[in-house]
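What follows is each chain in one-letter form.
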Amino acid sequence: MSETVVGAGISRVDGPRKVAGAAPYPSDFNVHHQVHAALVGSTVAAGRVVRIDTAPAEAAPGVISVLTHLNMPRLERGPMTALGTSPPPPMQDNLIRHYGQHVALVVAESPEQAAAAARLVAVEYERTEPLLDVLDPKAPQVTDPWGTDSDRGDTEAALASAEVKVTQTYTTPDNTNSPLGLFATLAIWDRDRLTVHDTTQWPSMVKATLAAVFKVPESSVRVLVPYVGGAFGAGLRAWQHVILTVAAARLIGRPVKLVLTRPQMFSCVGHRPDTVQQVSLAANRSGELTAIDHRTVSSLAMEDDDYEAVSAGSAFAYRCPNVVTRDVQARLNRPAPCSMRAPAEGQGNFALESAMDELAYALAMDPLQLRLRNDTDVDPRSGLPWSGKALRECYQVGAERFGWSSRDPEPGSMRDGDWLIGYGMAGCSYPWYSVPCSARATVGRDGSALVLSAVTDIGTGTYTVMTQVSAEHLGLPLGVVRFDLGDSDMPAAPQAGGSGLTGSLGNAVVDACGRLVRRFAELAAEDGESPLHGVPPEAVTAGDGRVHVKGEPSRGESYIDILSRHGLAELSADGSSTPASPEDLGMAPSGAFGAKFVEVRVDRDLGLVRIARVVSVIDGGRILNEKTGRSQIIGATIGGIGQALFEDTVTDPRTGRIANGTFGDYLIPVNADIPDLDVVFVGGPDRFSPIGTKGIGEIGLVGIAAAVANAVHHATGRRIRSLPITIDDLL
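We now turn to the structure provided with this report. In this convention, every chain numbers its residues from 1, walking through the sequence in written order. Given that this is a predicted model, residues contribute local features only at a pLDDT of at least 70 and side-chain atom pairs are listed and counted only at 80 or more, while totals for whole chains, interfaces and linings are drawn from all residues. Side-chain calculation: all heavy atoms of the structure are included, whereas hydrogens and water are not.

## Some points on the nonpolar core
Stage number 1. Grouping buried Ala, Val, Leu, Ile, Met, Phe, Trp, Tyr and Cys residues that are joined through side-chain atoms within 4.5 Å yields what is termed a nonpolar core. With a 1.4 Å probe rolled over the protein chains alone, any residue whose accessible area is under 20% of its type maximum counts as buried; one over 50% counts as exposed, and the rest are partly exposed. Counting 71 residues, the largest nonpolar core has Leu359, Phe597, Val600, Val708 and Ile725 as its most contacted members.
Stage number 2. Each helix corresponds to a stretch of at least 4 residues labelled H or I by DSSP, and each strand to a stretch of at least 2 residues labelled E; elements are numbered beginning at the N terminus. When residues in this core are grouped by element, the largest group, 9 residues, is from helix H16 (residues 704-716).
Stage number 3. Counting residues in each nonpolar core, the second largest holds 47 residues, with Ala449, Ala542, Leu563 and Ala573 among its members.

Structure representation (structure tokens):
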């Protein structure tokens with residue numbers, strides 16, 4: 001087994017294909033005889049369709065069909081998934097639940113003809129008053145929707161008797177997943193067999209959903225997505241536009257392709273839900289937390305669901321005997337929210353870590369020392385020791401690299417000419433997540449290896465790190481190993497999301513490669529001509545393209561020789577992974593932990609905020625590739641800066657229309673907004689996972705917004721409790 005392949009900061013194996021323009025994204029796929037679809041969206045947020053006139057659209061050049069609720073096939077809702085319910089089936093009635101809801105689908109010979117005809121569809125509505133505000137008392141509420149509320153100790157009594165207490169309300173707005181690649185679906189029916197090219201982070205889920213909705217066997221559905229083009233959580237559902245495209249292709253008997261427009265990306269594929277959060281913290285004079293009370297209300301669609309336990313992270317963030325967390329979702333006439341990078345923790349951490357900073361000032365204590373004082377080596381919920389937690393090291397290394405000790409604690413005291421300088425920090429974590437996964441490993445007679453799993457690479461580096469893991473455990477050089485993905489016909493696998501894929505998939509790949517090496521060892525052990533004749537398989541390992549006796553590299557033979565002598569073109573093995581039980585292992589599975597340190601500069605007269613420095617120190621368990629891992633944290637940090645200073649999906653309070661659904665109006669950070677970002681990994685392999693990883697896709701974003709807000713307070717003396725922080729807040 002190679003000792004240097006995993007961990008090495010190698011460049012992405014898919015990089016050359018991408019820079020050469022040879023990587024096919026969902027919108028790049030075309031097939032013979034295909035037609036094109038365009039969506040018509042509702043122009044009211046609540047009510048019902050009383051009349052829809054499709055005749056002008058049907059008479060337009062190139063138009064083949066127009067689907068509405070009047071001629072749409074009756075469809076059932078898709079199945080429950082590991083992340084919750086499937087969206088309701090589209091266009092099944094005349095009710096309008098949000099602005100931009102699909103009310104018609106136009107199919108034409110060209111995309112231009114479809115788009116032009118879609119503008120000819122005339123719809124009359126009976127409007128009702130929409131519910132748009134998360135605090136509207138008329139909005140139906142869902143309490144503790146996922147059973148994640150927690151309650152330990154006597155928080156009410158602890159708050160009442162507190163020596164020092166902070167109670168504040170914090171708000172976060174809608175943010176919209178904004179990948180460069182527009183979501184696209186191409187559906188091809190061949191009798192009862194369906195092939196779909198789709199923008200998804202979860203091919204196996206889309207396959208199961210389409211099979212259930214269209215009542216065909218899962219074996220008759222194939223979902224392909226070799227490259228995604230970005231998703232950030234929006235690709236974790238089989239959205240209604242996917243169902244519509246597949247339905248249209250079945251009805252007209254031709255392949256149908258649909259590419260969403262940028263405004264439709266703001267209303268059709270989810271968003272980070274806005275929140276209103278009340279946090280109460282209590283401590284004694286020495287800074288030991290005695291109570292945490294974190295209660296949130298977040299937005300939810302009228303007839304859909306979203307897993308977003310915003311307050312749940314506060315239950316295990318610190319050592320504290322009295323903790324209450326409560327999550328409520330308010331049903332509104334707005335597009336369905338869904339996961340967006342660092343779901344729940346991205347919002348909840350902002351409130352908790354802002355409140356921790358406020359508590360530090362109330363105690364006249366260094367914010368870093370307050371967090372160190374309340375760090376815990378055990379999971380406060382279960383009492384089990386964490387499987388791996390280097391948060392204290394994150395704090396210490398980050399403070400040293402950042403120069404935290406040079407911080408003057410007095411707000412507004414650090415200046416550089418007209419610039420007010422602020423230092424802020426935050427602790428962060430992201431929960432452990434793992435689900436079953438499968439993989440297949442094959443070695444051919446030419447000595448090359450192919451490893452497969454039905455996962456996706458959303459830009460996180462899955463192609464690369466799984467090539468590394470496969471090469472290490474097959475004992476092969478990287479250049480002869482290929483990892484392939486993005487095909488639901490491959491071994492079933494979970495979503496790329498939740499910071500759980502690398503662990504689940506990595507363990508399955510290790511299992512598949514180990515089983516394959518054992519198969520080679522068994523063949524050799526039964527072969528009188530082999531140097532490994534009679535050697536028990538458990539005494540054999542792999543390295544340099546060979547299987548050999550452990551500790552005796554010279555006693556063995558190559559994969560090529562074994563296959564050739566047995567007349568085999570290749571040999572394969574399937575592997576799988578299933579998460580262990582915390583009780584069985586006697587430890588609590590720990591997700592990633594981190595510490596974020598930020599320096600901001602605020603123009604004293606203009607209120608402009610500039611990020612000057614960011615130091616992110618991450619305990620991510622075993623890092624499989626330092627280069628792609630660092631890239632993950634950098635990308636997520638930029639997302640955190642967007643959350644802190646720029647991003648706000650604005651819904652018109654009267655009509656429910658998203659008012660800034662373009663890249664010209666929805667502000668996201670650009671190169672000029674981002675300084676050099678310092679990323680450091682600390683800690684070691686996590687004990688809970690055989691491969692030792694934790695998952696780092698989300699942790700890079702968590703904590704950035706709070707650290708920025710805390711730094712702005714240190715610079716200006718103004719406490720901003722609502723994101724994004726704007727010039728208006730500071731003038």
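## Details of helix H5 (residues 203-213)
Stage number 1. The buried fraction of H5 is high, at 9 of 11 residues.
Stage number 2. Regarding H5, the residues found buried are Pro203, Ser204, Met205, Val206, Lys207, Thr209, Leu210, Ala211 and Val213.
Stage number 3. Any two residues whose heavy atoms approach within 4.5 Å at even a single point are treated as in contact. Those residues of H5 hidden inside the fold are in contact with strand S11 (193-198), strand S12 (221-224) and helix H6 (240-252).
Stage number 4. Once H5 ends, the next one or two residues include Lys215, with phi positive near 55 degrees.

## Here's the deal with a nonpolar patch on the surface
Stage number 1. Think of a patch as exposed residues, more than 30% relative accessible area, with no salt bridge, where like charges cluster within 9 Å and nonpolar side chains (Val, Leu, Ile, Met, Phe, Trp, Tyr) cluster within 5 Å. The Shrake-Rupley method, run with a 1.4 Å probe sphere, supplies the accessible areas, and residue values consider only the shown protein chains as cover. We define a salt bridge as a contact between a side-chain nitrogen of Lys or Arg and a carboxyl oxygen of Asp or Glu at a distance within 4 Å. Residues Leu180, Phe663 and Ile668 make up a contiguous nonpolar surface patch of about 290 Å² in total accessible area.
Stage number 2. Along the chain, Ile668 turns up in the loop between helix H15 (626-645) and strand S28 (677-682).

## Things to note about the sheet that holds strand S18 (residues 419-430)
The strands making up a sheet are joined through hydrogen bonds of the backbone, oriented either antiparallel or parallel.
Stage number 1. Strand pairing requires that DSSP identify at least two bridges connecting the strands. Pairing within the open sheet is mixed, and its 5 strands lie in the order S17-S18-S26-S27-S28. Two strands lie at the open edges of the sheet, namely strand S17 (415-416) and S28, each paired on one side alone.
Stage number 2. Along the sheet face, H15 touches strand S27 (609-619) and S28 and points at about 125 degrees away from the line of S28. All axes are obtained by fitting lines to C-alpha atoms, using only the stretch in contact for helices, and the reported angles, taken between N-to-C directions, cover 0 to 180 degrees.

## Things to note about the packing of aromatic side chains
Stage number 1. Stacked, tilted and edge-to-face are the three classes applied to pairs of Phe, Tyr and Trp rings, where Trp contributes its six-membered ring and a pair requires centres within 6.5 Å; stacked means planes under 30 degrees apart, edge-to-face means over 60, and tilted covers the rest. The tally for this structure, following the rule as stated, stands at 14 aromatic pairs.
Stage number 2. The interplanar angle of 85 degrees and the centroid separation of 6.2 Å between the aromatic rings of Tyr170 and Phe350 together place this pair among those described as edge-to-face. Residue Tyr170 is found in strand S9 (residues 164-172), and its partner Phe350 is found in helix H8 (residues 345-363); the two are separated by 180 residues along the sequence.
Stage number 3. Residue class for Tyr170 comes out buried when judged on its relative accessible area of 0%.

## As for the sheet that holds strand S21 (residues 481-484)
Stage number 1. Read across the sheet, 4 strands follow the order S21-S20-S19-S25 without closing on themselves; strand pairing throughout is mixed. Each edge of the open sheet is held by one strand with a lone partner, namely S21 and strand S25 (570-577). Taken pair by pair, the neighbouring strands of this sheet meet at an average axis angle of 15 degrees, ignoring direction.
Stage number 2. Seen against the sheet, helix H11 (residues 462-474) touches strand S19 (437-444), strand S20 (449-452) and S21 and runs at an angle of roughly 135 degrees to S21.

## Looking at the state of the cysteines
Stage number 1. When the sulfur atoms of two cysteines come within 2.5 Å, that pair is taken as a disulfide. All told, the structure shown has 0 disulfides when counted by the stated rule.
Stage number 2. Take Cys338: it sits in no disulfide, and the sulfur closest to it among the cysteines is that of Cys268, at 12 Å.
Stage number 3. Since its relative accessible area comes to 3%, Cys338 is described here as buried.
Stage number 4. Here Cys513 is not disulfide-linked; the sulfur of Cys437 is the nearest cysteine sulfur, at 12 Å.
Stage number 5. On the accessibility criterion, Cys513 (0% relative accessible area) is buried.

## Looking at the environment of Phe593
Stage number 1. Within the fold, Phe593 resides in strand S26 (residues 592-603).
Stage number 2. Overall, Phe593 belongs to the buried group, its relative accessible area being 4%.
Stage number 3. Note: C-alpha distance between Phe593 and Lys389 (204 residues apart in sequence) is 7.0 Å.
Stage number 4. Those residues in contact with Phe593, other than ones at most four positions away along the chain, are Trp386, Gly388, Lys389, Leu391, Cys394, Cys428, Ser429, Val617, Ile618, Asp619, Lys694 and Ile699.

## Brief notes about H8
Stage number 1. Between its first and last C-alpha atoms H8 spans 26 Å; for 19 residues at 1.5 Å apiece the expected length is 27 Å, and the two agree.
Stage number 2. The element H8 is largely enclosed, with a buried count of 17 among its 19 residues.
Stage number 3. Of the residues trailing H8, Ala364 is marked for its positive phi of about 55 degrees. Each residue after the first adds 1.5 Å to the expected span of a helix.

## Topic: the pattern of salt bridges
Stage number 1. A full pass over the atoms with the stated rule returns 42 salt bridges.
Stage number 2. Of the charged contacts, one joins Glu303 and Arg97 as a salt bridge, the two residues approaching to 3.1 Å between their closest N and O atoms. Of the two residues, Glu303 is situated in the loop between strand S15 (289-301) and strand S16 (323-332) and Arg97 in the loop between strand S4 (95-96) and strand S5 (102-108); the sequence distance between them amounts to 206 residues.
Stage number 3. Judged by its relative accessible area of 43%, Glu303 falls in the partly exposed class.
Stage number 4. According to the relative accessible area criterion, Arg97 is buried, its value standing at 17%.
Stage number 5. When salt bridges with common partners are traced through the structure, they connect Lys207, Arg222, Asp487 and Asp489 into a single cluster.

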